[in-house]
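What the coordinates show
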Number of protein chains: 2
Amino acid sequence: MVVKAAEMKKETRSAWRGGDGAIDCRHLAPQGNPPKWRFAAVLEFDPGDSIGEHVHSGETELYYIMEGTGTVWDNGAPVEVGPGDAIFTGGGAAHSIKNTGEGVMRLLALVVQE
Amino acid sequence: MVVKAAEMKKETRSAWRGGDGAIDCRHLAPQGNPPKWRFAAVLEFDPGDSIGEHVHSGETELYYIMEGTGTVWDNGAPVEVGPGDAIFTGGGAAHSIKNTGEGVMRLLALVVQE
């Protein structure tokens, strides 16, 4: 199944998991993700935008940073991230993420259930 | 788990699935992928490079195109792809992919088992 970028469903999520700002979200598979792929989207954060802390149990989330810079709190520990970095969160771990840079931060977010 | 781009393991794969050229591969989780994540890497294709046709059963592969243009054969049917496009292949479907553009084609490839 090929999904062209122009066909992807867009939405904007505010106060996501208690985070700041409004994050633009482009869903990779608007007609329905493959089995177990609970979430698959490209997210765009303006400076200061964030997703608040949350836990992943029975599933793993990958954030793959494509553009910009930010801070990830990986089980509470802050780590600076930028283009090409990957963040895997599963097995009951928690994370949050914030655009702490000066430009847009763009990442691919994928949540796959076990 | 945060994996910085500079720490990722690199390798080059030639004649991948019977394809052409040599594809640079950067593994997102060199210390071991999360459970069920059989493969997670950024792939870089020079013009003409390809991965030959292969089937995904009991798992789904996502190609997310980040840079450049190419052709995907989705169960044999050719589709032109470019930045922002997503290709999901699973449930016994087959695909192959070739850089049919003039510059580098870069994509994220993820295979997750069901």
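Residues numbered from 1 in each chain as written. Chains lettered and ligands numbered in written order. Predicted model: local features only at pLDDT ≥ 70, side-chain atom pairs only at ≥ 80, totals over all residues. Heavy atoms only, no water.

**Brief notes about the relation of the copies chain B and chain A**
- It takes a turn of 180° to lay chain B on chain A, together with a shift of 0.0 Å along the axis; the resulting RMSD is 0.0 Å. Both copies are brought into coincidence by an operation consistent with a two-fold rotation axis.
- Of all interface residues in chain B, 100% are interface residues in chain A too; the two copies therefore contact each other through one and the same surface. (Least-squares fit on C-alpha atoms with pLDDT ≥ 70 in both. Contact = heavy atoms within 4.5 Å.)

**So, the side chain of Thr89 of chain A**
All names here are of chain A.
- With respect to the helices and strands, the residue Thr89 is situated in strand β9 (residues 86–90).
- The class of Thr89 is buried, set by a relative accessible area of 1%.
- Among the polar contacts listed, one links the side chain of Thr89 to the side chain of His95, at a separation of 2.9 Å.
- Leave out the neighbours within four places in its chain, and Thr89 touches His56, Glu59, Thr60, Glu61, Ala94 and His95. (Helix = DSSP H or I, 4+ residues; strand = E, 2+ residues; numbered from the N terminus. Buried < 20%, exposed > 50% of the residue type's maximum accessible area, 1.4 Å probe, protein only. Polar contact = N/O pair within 3.5 Å; in protein donor to acceptor, adjacent residues only side chain to side chain.)

**A word on the interface of chain B and chain A**
- Across the contact, 35 residues belong to chain B and 35 residues belong to chain A.
- Counting the surface chain B buries against chain A, the share from its top three residues, Val2, Trp37 and Phe88 of chain B, is 23%.
- The salt bridge partner of Lys4 of chain B is Asp85 of chain A, with a shortest N-O separation of 2.6 Å.
- On inspection of chain B and its partner chain A, the count reaches 16 residue pairs in polar contact (both at pLDDT 80 or more).
- Put simply, the parts of the chain that give the side of chain B that touches chain A at least two residues each are β1 (2–3), β4 (37–45), β6 (59–67), β7 (70–74), β8 (77–81), β9 (86–90) and β11 (105–113) of chain B.
- The element that contributes the greatest number of residues to the side of chain B that touches chain A is β6 of chain B, accounting for 4 residues.
- For the side of chain B that touches chain A, a count of residues per class yields 25 nonpolar, 3 polar and 7 charged.
- Two strands pair when backbone bridges link them, and β9 of chain A and β1 of chain B are joined in this way by 2 bridges, in the antiparallel orientation. Among the inter-strand pairings, Ile87 of chain A is bridged to a residue of β1 of chain B, identified as Val2 of chain B. (Buried area = accessible area lost by both parts, 1.4 Å probe. Salt bridge = Lys/Arg side-chain N within 4 Å of Asp/Glu carboxyl O. Nonpolar A, V, L, I, M, F, W, Y, C, P; charged D, E, K, R; others polar. Pairing = 2+ DSSP bridges.)

**Section: the pairing of β8 of chain B**
Residue and element names in this part refer to chain B.
- Both β7 and β8 contribute to a ladder of 5 bridges, which runs antiparallel. Each residue of the ladder has a partner; that of Thr71, found in β8, is Glu80.
- As consecutive antiparallel partners, β7 and β8 are separated by 2 residues, and within that stretch Asn75 has a phi angle of approximately 55°, a positive value.

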